[in-house]
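Residues per chain, in single letters:
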Amino acid sequence: MNMKKIKKENKDFRIFDAINNEAFPIEERWDLDHALNYEIPADVVGLYDDDRPIGFYMALSDDQMVYLCYFAIKKEERSHGYGSRALQMICNHYERDGKQVCIDLEKQDPQAENAIQRKVRKQFYLRNGFYETGYSTNFWQLSFELLCHDHEFQVENYQKLCERLTTSEIDPHIIKEFAV
């Protein structure tokens, strides 16, 4: 498994765009072309099994923290271990540089239309070395819980990253939900 930066000219761009459109609800999805031209530099990276595209991720970071804002594996390739292997590879990539990796995901809500999907997604991240932080964040009028690949979540560093990333699309407001 390997990683390659995605560019609009990439021969696999359409495949990554289709993965993006399938994997994320429209109210949470960024247009992939927009992500490549975002005002704050982002890592938009394709995940490959040999030369076959199987997924992608997008990360925003500074010198201490990485916010893994999008991570998706092609629907047909799920449940084959690619997600776990890719996530480990991504975390190792950033943690080698001393960065803490964080993600967000929709809060658990048994009344939500996709309640089962939310539960399965959270279990996947917890199985793959992420921890509950006790914090949440809101943007796009949606609420997300924060998980971290390190059980010692550095909330101050995350807040600093969010403030640096603040645009009309991202609100850096972080909410303490519970103690861990």
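One can find the structure itself at the top, above this paragraph.
The shown structure was predicted, so the numbers you read here are calculated from the model rather than taken from an experiment.

S.K.: Explain helix 3 (residues 82-95) here, please?
M.R.: Under the 1.5 Å per step criterion, the end-to-end length of helix 3 is 20 Å for 14 residues, consistent within 8% with the ideal 20 Å. Taken residue by residue, helix 3 has Tyr82, Gly83, Ala86, Leu87, Ile90, Cys91 and Tyr94 as its buried positions. In an axial view of helix 3, the angular spread of the buried residues amounts to 150°, which keeps them on one side of the axis. Turning to helix 3, the residues buried within the fold contact strand 1 (2-5), strand 2 (43-49), strand 3 (52-61), strand 4 (65-73), strand 5 (100-106) and helix 4 (115-127).

S.K.: Which parts of the structure should I look at to understand the packing of aromatic side chains?
M.R.: Each aromatic ring pair is characterised by the separation of its centres together with the angle its planes make. Counted under the stated rule, the structure contains eight aromatic pairs. A ring pair is formed by tyrosine 135 and phenylalanine 153, whose centres lie 5.6 Å apart and whose planes are at 55°; its orientation type is tilted. Note that tyrosine 135 is positioned in strand 6 (residues 131-139) and phenylalanine 153 in the loop between strand 7 (142-148) and helix 5 (155-165), a separation of 18 residues in sequence. A relative accessible area of 15% means that phenylalanine 153 is categorised as buried.

S.K.: Sorry, what's going on with the sheet that holds strand 1 here?
M.R.: Paired through backbone hydrogen bonds, the strands of a sheet run either parallel or antiparallel to each other. Ordered by their spatial adjacency, eight strands build an open sheet running 1-2-3-4-5-7-6-8, and the pairing between neighbours is mixed. In this open sheet, the two strands that pair with only one neighbour each are strand 1 and strand 8 (174-176). Strand-to-strand twist of the sheet, defined as the mean angle between neighbouring strand axes without regard to direction, takes the value 35°. Examined bridge by bridge, strand 1 and strand 2 share four bridges and lie antiparallel to one another. Along strand 2, the bridge assignment pairs asparagine 2 with tyrosine 48.

Parameters and conventions
Residues numbered from 1 in each chain as written. Predicted model: local features only at pLDDT ≥ 70, side-chain atom pairs only at ≥ 80, totals over all residues. Heavy atoms only, no water. Helix = DSSP H or I, 4+ residues; strand = E, 2+ residues; numbered from the N terminus. Expected span 1.5 Å × (residues − 1). Buried < 20%, exposed > 50% of the residue type's maximum accessible area, 1.4 Å probe, protein only. Arc of directions from axis to C-beta. Contact = heavy atoms within 4.5 Å. Phe/Tyr/Trp six-rings, centres within 6.5 Å; stacked < 30°, edge-to-face > 60°. Pairing = 2+ DSSP bridges. Axes fitted to C-alpha atoms, helices over the stretch in contact; angles between N-to-C directions.

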